[in-house]
Amino acid sequence: MRFLFFAFLALAATTAGAQAWAWDDGTVPFVVTPREIVERMLRMAEVGKGDYLIDLGSGDGRIVIEAAKRGARGLGVDIDPSLVRLATENAQAAGVSALTRFEARDIFDTDLTPASVVAFYLLPEFNAKLLPRLLQLKPGTRIVSHDGGIGNWPPDERLEMRAPEKAVGVGGVSRVDLWIVPADARGTWAGEVPQHGGRWSFDIRQRFQELDIEAGAQGRDFLVRNSRLRGTEIKMVVTGIVGTRAWNHLFEGRIDGNRITGQLSISDGNQRRIYPWTATRQ
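Residues numbered from 1 in each chain as written. Predicted model: local features only at pLDDT ≥ 70, side-chain atom pairs only at ≥ 80, totals over all residues. Heavy atoms only, no water.

Caption draft 1: Focus on the overall build of the chain. Counting its secondary structure elements, the chain contains four helices and 17 strands. Buried residues in the chain amount to 48% of all 282 residues. Pairs at least 24 residues apart make up 54% of the contacts formed inside the chain by residues separated by at least 6 positions. Of the accessible surface of the chain, which amounts to about 13500 Å², a share of 50% is contributed by carbon and sulfur atoms. (Helix = DSSP H or I, 4+ residues; strand = E, 2+ residues; numbered from the N terminus. Buried < 20%, exposed > 50% of the residue type's maximum accessible area, 1.4 Å probe, protein only. Contact = heavy atoms within 4.5 Å. Areas by Shrake-Rupley, 256 points an atom, 1.4 Å probe, with all protein chains shown as cover.)

Caption draft 2: Structural context of helix 4 (residues 124-135). The terminal C-alpha atoms of helix 4 lie 16 Å apart, and with 12 residues this matches the ideal 16 Å at 1.5 Å per residue to within 8%. Buried residues of helix 4: Phe126, Asn127, Leu130, Leu131 and Leu134, and no others. An end-on view of helix 4 places all buried positions within 170° of arc, on one side of the element. (Expected span 1.5 Å × (residues − 1). Arc of directions from axis to C-beta.)

Caption draft 3: Examining the layout of surface pockets more closely. Roughly 190 Å³ of volume is contained in the second largest pocket. Lining the second largest pocket are 13 residues, and of these Glu46, Gly140, Arg142, Ile180 and Arg230 sit closest to its centre. A class-by-class count of the residues in the lining of the second largest pocket yields five nonpolar, three polar and five charged. (1 Å grid on protein atoms, 1.4 Å probe; cavity = no way out; pocket = protein on both sides within 12 Å on 5 of 7 lines; lining within 4 Å. Points joined across faces, edges and corners; volume = space filled by probe spheres on them. Nonpolar A, V, L, I, M, F, W, Y, C, P; charged D, E, K, R; others polar.)

Caption draft 4: Region of interest: the side chain of Thr33. Following the sequence through the fold, Thr33 ends up in the loop between strand 2 (28-31) and helix 1 (35-44). Assessed through its relative accessible area of 0%, Thr33 is described here as buried. For Thr33, the side chain forms a polar contact with the side chain of His146, separated by 3.3 Å. (Polar contact = N/O pair within 3.5 Å; in protein donor to acceptor, adjacent residues only side chain to side chain.)

Caption draft 5: Local environment of the sheet that holds strand 8 (residues 157-162). Overall, mixed pairing links the seven strands, which are arranged 5-4-3-6-7-9-8 in an open sheet. Each edge of the sheet is formed by a strand with only one pairing partner; in this case those strands are strand 5 (100-104) and strand 8. Taking each pair of neighbouring strands and ignoring which way they run, the sheet shows an average axis angle of 15°. Both strand 3 (residues 52-56) and strand 4 (residues 73-78) contribute to a ladder of five bridges, which runs parallel. Of the residues in strand 4, the one forming a bridge with Asp55 is Gly76. Contacts between helix 2 (residues 62-69) and the sheet are confined to strand 3, strand 4, strand 5 and strand 6 (117-120), with strand 3 contributing the most and set at about 165° to the helix. Taken strand by strand, helix 3 (residues 81-94) contacts strand 4 and strand 5, and its axis lies near 170° from that of strand 5. (Pairing = 2+ DSSP bridges. Axes fitted to C-alpha atoms, helices over the stretch in contact; angles between N-to-C directions.)

Caption draft 6: Quick peek at the packing of helix 1 against helix 2. Relative orientation of the contacting elements helix 1 and helix 2 amounts to 55°, with a least axis distance of 10 Å. With respect to helix 2, the axis of helix 1 lies oblique. Our pair here, helix 1 against helix 2, has a crossing hand that is right-handed. Between helix 1 and helix 2, the residues in contact are Arg35, Val38, Met41 and Leu42 and Arg62, Ile63, Glu66 and Ala67, respectively. Tallied by class, the residues present in the contact of helix 1 with helix 2 amount to five nonpolar, no polar and three charged. (Parallel < 35°, antiparallel > 145°, perpendicular 65-115°, else oblique. Left-handed = near helix turned anticlockwise from the far one by under 90°.)

Caption draft 7: Structural detail: the confidence of the model for the chain. Scored by pLDDT, the chain has a mean of 90; 89% of the residues are at 70 or more. In the model, residues 1-28 has pLDDT below 50 throughout and makes 74 contacts with residues more than four positions away in sequence or in other chains. (pLDDT = per-residue confidence, 0-100.)

See below:
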């Protein structure tokens, strides 16, 4: 849902970009997210039982209501009391009022820390203002947005699809972006794999979920071919010589504070082995 309470975009003239309207009183009317886009948003964020979803600018409540149908609890906030009443009525009609709550509130005054999922359909300028608070949420929290990035934070996943019933823009194309709040992986880590290489070192630099890693063991530098940080899950693909042979290594683990626990899969092209792997931040 998109509900914007300060207008700072003029009417698009002849461009084919996204449209915005401004009333004379300086507010911007809410625009609904098409239902098939709501479905894709919830699917990308893997919303289900045990989740607590907060929708910023909840409008008629459809995102929170659909999340509740999947077993999640939800809170919708909107600055317009009439929309809060409408959303509450819609939740009652859908039979999910026990799992949902709607409040008239400024989105920037909303406590996001209880959420496992945050959803919104806002202008990018509003999203960018939310960026510092979103990054402070618990690692693994999913954030899903319809038609709007979050400052310079690259999404973990992106989907574009046509939504013919979309009320704004030209061509009915919608974009859904998903972010997963990353754990803090920065620093120097010492890992132990007694069966393969002994003591490993990883120097990690981090920008959002993007990592730059240097790895070494047995006095040698290794090539880090690829890496991924998705919430608390970290993966590193490392190539180098251990002993007298070249090996491909897949380090997989979960970050919990200053410790990583997981497994190492190694292969030399002929054989594959799996060992437990732990690392501690120095």
